[in-house]
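# Remarks on the overall topology
Residue strings, one per chain:
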Amino acid sequence: MLYILVIIRHYKAHSKSFYLTVQYRNVCLGVPAKIVKLLDKNRAIADFGGIKKEISTILLPEVSTGDYVIVHAGFAISKLSKREANEIIASWKEVLEVLKST
Amino acid sequence: MLKENSMEILRKFRDRKLIQAVSKSIEKIAKKLDYVRIMHVCGTHEHTITFFGLRSLLPDNVELIAGPGCPVCIVPAREVDEAIEIVFSGIRVYTYGDMYRVPGTKMSLADARSEGADVKVVYGFNDAIRLHMKDRKKSVFFAVGFETTAPTLAAFISRRLIPDDLMILPSFRLTVPIMKYILSSFDINIDGIICPGHVSTIVGASAWSFIPRISGIPAVVAGFEPLDVMLAVFSILKMILEGKPRLVNEYSRAVSWRGNITAKRYVREVFYRADGEWRGIGRVKRSRLLLRKRFKHLDARSRLSVSVDTGPEFKPGCRCADIILGKAKPTDCPLFMRACTPDRPQGPCMVSSEGTCSIWAKYGGYERIQWHYD
Ligand code: SF4
């Protein structure tokens, strides 16, 4: 039990810097961001949790302002669906509840 | 700095109570199972697992193995040498920060730069184009990456947006063929697969349906939050217990069944698949992307006629080859954290920030945190 607490504390302390390390150290990773403004030539400004950066939307032409996207090496590659995010958690919660009661 | 409003969609995936509950459920199921080995093939998954200490939240009989998830670690030394030869002939080379320090047979691009060669590190292909438009210098883009990176170039090439005098040196590798290779090689026993989330946004969850069908083991497409990985493990264990291996898409908030159609279309139009060498692994069928004939004028290999000799892929003692395949852990390497550290890397797995050795070195250097705290 103690080690669980230690770990939780460990990642709570680090979680804020997680995306920043990921984003700036690693080129080949994907990070979530929010589209704040569409520009011309398939470009957009994206907000990476406070840091704004220009990205390319050439691989995701249907994107619009306010969307959450996954950005990989400066390119939006996929839209994040809020509904799916909520639903998937709900569906797992049920599974867990069932498990706990058995 | 992770503002609540911008990332609220993700907050739940770090919910401590949920993660604890999953951890407990995993423990319950694992008690009924023998030893379970689960492999992931993504540097970002290894990052999440090590960063959040997830291995410590798993019972002793569940092991998470890092497979070939680092696209720069598996680029053969020979192809690094090609880029180095090009840059020493007076042509500028653009590449990603991870690739910059990976050694070829003699040196890395970083070493070449310290000897005066013109190497520029960029965040993405669009940055390279922007820089190129400004400086207008004959250049080569050393392009590495998996299925996720290839479309970023393919889109620009297909739409004829590549400026003159910018050539491509493609060293892409594909994760779907390497997964088939790993699963068909008999010396690695794996009971479940965590599929790479971001590769899957492009190729679609459907690309992995061969895993349960052909190998008969469960596969879960998972995201990169701690809860994602824990749920993937939970769901793999559950499928093993029930004896019903399937493909589950846990990362449905970003990954669809068919993937990013636009991106796939660009890639198919611009590249073809060829057999490719993987550092430490060998030749893997149809695992590499090369430019199609009609784009040959962009191909640095055919335009500049680069020729390099083959040499050793690894320094003596380095166990990267086994680590890339998940056969060994960094702590099995006698050089790990002794002769080989992030400041003085001896092999590609320590150089790249996505390499398993480097991730372990950065966030602890041991497998389970409680050993450290006990
Ligand atoms: S610790 Fe260094 S020498 Fe050992 S396998 Fe990793 S990269 Fe190679």
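This is a predicted model, so every value here is computed, not measured.

From N to C terminus, chain B includes 18 helices and eleven strands. Each principal axis of the C-alpha distribution contributes one length, and for chain B these read about 60 × 45 × 45 Å. The 374 residues of chain B split such that 65% are buried. Partitioning the contacts of chain B with sequence separation of at least 6, the portion at a separation of at least 24 is 76%. As displayed, chain B has an accessible area near 14400 Å², and 50% of this comes from carbon and sulfur atoms. Computed over 56 positive and 39 negative side-chain charges, the separation of the two mean positions in chain B equals 5 Å.

Time to look at the state of the cysteines. Linking two cysteines covalently via their sulfur atoms produces the bond known as a disulfide. Residue and element names in this part refer to chain B. The tally for this structure, following the rule as stated, stands at two disulfides over all chains. What pairs with Cys70 in a disulfide is Cys73, and their sulfur atoms sit 2.3 Å apart. The sign of the 80° torsion about the S-S bond sets the Cys70-Cys73 disulfide as right-handed. If the cysteines joined by disulfides in chain B are listed in sequence order, their pairing comes out as 1-2, 3-4. The closest cysteine sulfur to the non-disulfide-bonded Cys195 is located on Cys42, 11 Å from its own sulfur.

Take helix α7 (residues 125-135) of chain B next. Taken together, the buried positions of α7 of chain B are Phe125, Asn126, Asp127, Ala128, Ile129 and His132 of chain B. With its phi angle positive at about 50°, Arg136 of chain B sits one or two positions after the end of α7 of chain B.

Attention now goes to the sheet that holds strand β3 (residues 92-96) of chain B. All names here are of chain B. Strand order in the open sheet made by the four strands is β4-β3-β5-β6, with parallel pairing throughout. Edge positions in the sheet fall to β4 (119-122) and β6 (166-172), since each has one partner strand and no second. Across the sheet, the mean angle from the axis of one strand to that of its neighbour is 25°, orientation sign disregarded. Pairing of β3 with β4 involves four bridges; the strand directions are parallel. Paired with Val93 across the strands is Val119, a residue of β4. Against the sheet, helix α4 (residues 77-88) engages β3, β4, β5 (139-145) and β6, with an angle of about 165° to β6.

Turning to the nonpolar core, a few remarks are in order. All names here are of chain B. Of all hydrophobic cores here, the largest spans 110 residues; its most connected members are Phe125, Ile193, Trp208 and Ile211. With six residues, the top contributor of residues to this core is helix α8 (residues 150-158). Apart from residues no more than four positions distant in its own chain, Ile193 is found in contact with Met39, Met179, Leu183, Ile211, Ile217, Pro218, Ala219, Val220 and Ile236.

Cut-offs used in this document
Residues numbered from 1 in each chain as written. Chains lettered and ligands numbered in written order. Predicted model: local features only at pLDDT ≥ 70, side-chain atom pairs only at ≥ 80, totals over all residues. Heavy atoms only, no water. Helix = DSSP H or I, 4+ residues; strand = E, 2+ residues; numbered from the N terminus. Buried < 20%, exposed > 50% of the residue type's maximum accessible area, 1.4 Å probe, protein only. Contact = heavy atoms within 4.5 Å. Areas by Shrake-Rupley, 256 points an atom, 1.4 Å probe, with all protein chains shown as cover. Lys, Arg positive; Asp, Glu negative; His and termini not counted. Charge placed at Lys NZ, Arg CZ, Asp CG, Glu CD. Disulfide = S-S within 2.5 Å. Pairing = 2+ DSSP bridges. Axes fitted to C-alpha atoms, helices over the stretch in contact; angles between N-to-C directions. Core = buried A, V, L, I, M, F, W, Y, C linked by side-chain atoms within 4.5 Å.

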